[in-house]
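# Structure assessment
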Amino acid sequence: MNTSRRTAKSFAPGRIEIIGNHTDYNQGFVLSCALPQGVEAFVEQIESDNIFLNFTSDLAPEEFSFSAFTEPQATPGAWTNYPLGVIKYLREEGLEIPPCRIQFTSNLPAGAGLSSSAAIEIATATALLALSGTNLPPMDLARLCRRAENEFVGVNCGLLDQATSICGKAGHLLHLDFRSETYELYPLPPGHLFLVIPSGMKHSLVGGEYNERRTQCYEAARVLNVRALRDATFSALEAAADQMPEMVFRRARHIIGENQRVAECVAALQNNDMVAFGQAMTNSHQSSRLYFENSTEELDNLFEIAVSTPGVLGARLTGGGFGGAVVALAKASKASDAAKTIATRYLQRTGIHTTATPYVPADGARLLPTH
Ligand code: GLA
């Protein structure tokens, strides 16, 4: 931050959920990483009565303003709700936010399930904290931004997206524990990378399915008499099968299996066994499709194509589901051919154009120089 000019600039990345699907709000485990792409927020204190939010984008360049002396109000469906919610809760933490202009730019595809919304939240918070010369511990910042999403935007998401956007580390996977809200880092073994392949069908968490799944998971935990599904076992679930609707049983089955598969992947990282890692990812997709029912026809097509492409060790839908993207683990030496093959076969099969983009894990949110 430059104190004389009162400006600050931040960058917050999108994320890939590598494995651990809908486990975060069940106090379970996830492996994730940050992307090199994300959202930049440049904030500048101005002589005005207003706070201006600008979003530079080819699709929807937009400006929004509101009085800096009033409480922000949500507008249903507007992207501005993400920064506004953050402003509201930063103020509740005692931060004074002066009249300013916040300019956002993003090179992250929206609706691809890569958490563009969390990136906007974290970029906003990081820049505004820097403007006032304040700091928050990383997980407190993640929780504040999740609160903006839960209470201001109205999506009951867990902490995965915000925590990963802040804590990501280049070359590493985050093993997140959503009970203790802590994480450990594991290096991604050399010679591997992740392909992210959008299905072309936008994913929107503002839809009701996400919150519905969450309610079903809590219902299962209640019947099983555990604090959260993290504490449930397959045998307890089987024993209680006739006490819950069949659909609730299947949702719980997915979550219990996902937590086990995250543990399998951590063991695979420790043993440098990326074939086992890939197999767990593939099993995760099958479980999403059959038990959690958050896949789509397009995601299933993309998954099938990816796992039958040479050089791919496993694949699964990533993020909330109901659209969005597939993530595949690939051998780096074969990734470029695999990327082309997957896009060509997907176009042939569905008529939808896509691009498989290779990623290695990148660093989390940070401040950038303002000049
Ligand atoms: C979305 C939510 C996360 C998490 C994933 C599913 O990305 O924002 O909190 O629940 O879906 O794992």
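On a predicted model such as this, the values are computed, not experimentally measured, just so you know.

### Here we look at the site of the ligand
Close to the ligand lie 14 residues, the nearest being Glu17, His22, Asp24, Asp161 and Tyr210. Asp161 is positioned such that a nitrogen or oxygen atom in its side chain is 2.5 Å from an oxygen atom of the ligand. The contact in question runs from an oxygen atom of the ligand to an N or O atom on the backbone of Gly320, over 3.3 Å. If the ligand stood free it would expose 300 Å²; the protein chains cover 99% of that surface.

### Concerning the environment of Arg250
Inspection of the secondary structure puts Arg250 in helix 7 (residues 246–271). With 30 residues separating them along the chain, Arg250 and Ala220 place their C-alpha atoms 9.5 Å apart. In this structure, Arg250 is in contact with Leu290, Tyr291 and Glu293, ignoring residues within four places of it in sequence.

### Concerning the packing of helix 1 (residues 81–92) against helix 2 (residues 116–131)
Two elements in contact, helix 1 and helix 2, have axes whose closest approach is 8 Å; the angle formed by their N-to-C orientations is 40 degrees. In terms of orientation, helix 1 and helix 2 fall into the oblique class. Handedness of the crossing formed by helix 1 with helix 2: right-handed. Residue-level inspection shows Tyr82, Pro83, Val86, Ile87 and Leu90 of helix 1 in contact with helix 2, the latter providing Ser117, Ile120, Glu121, Thr124, Ala125, Leu128 and Leu129. Looking at the contact of helix 1 with helix 2 residue by residue, the classes come out as nine nonpolar, two polar and one charged.

What counts as what
Residues numbered from 1 in each chain as written. Predicted model: local features only at pLDDT ≥ 70, side-chain atom pairs only at ≥ 80, totals over all residues. Heavy atoms only, no water. Near = heavy atom within 4 Å. Polar contact = N/O pair within 3.5 Å; in protein donor to acceptor, adjacent residues only side chain to side chain. Areas by Shrake-Rupley, 256 points an atom, 1.4 Å probe, with all protein chains shown as cover. Helix = DSSP H or I, 4+ residues; strand = E, 2+ residues; numbered from the N terminus. Contact = heavy atoms within 4.5 Å. Axes fitted to C-alpha atoms, helices over the stretch in contact; angles between N-to-C directions. Parallel < 35°, antiparallel > 145°, perpendicular 65-115°, else oblique. Left-handed = near helix turned anticlockwise from the far one by under 90°. Nonpolar A, V, L, I, M, F, W, Y, C, P; charged D, E, K, R; others polar.

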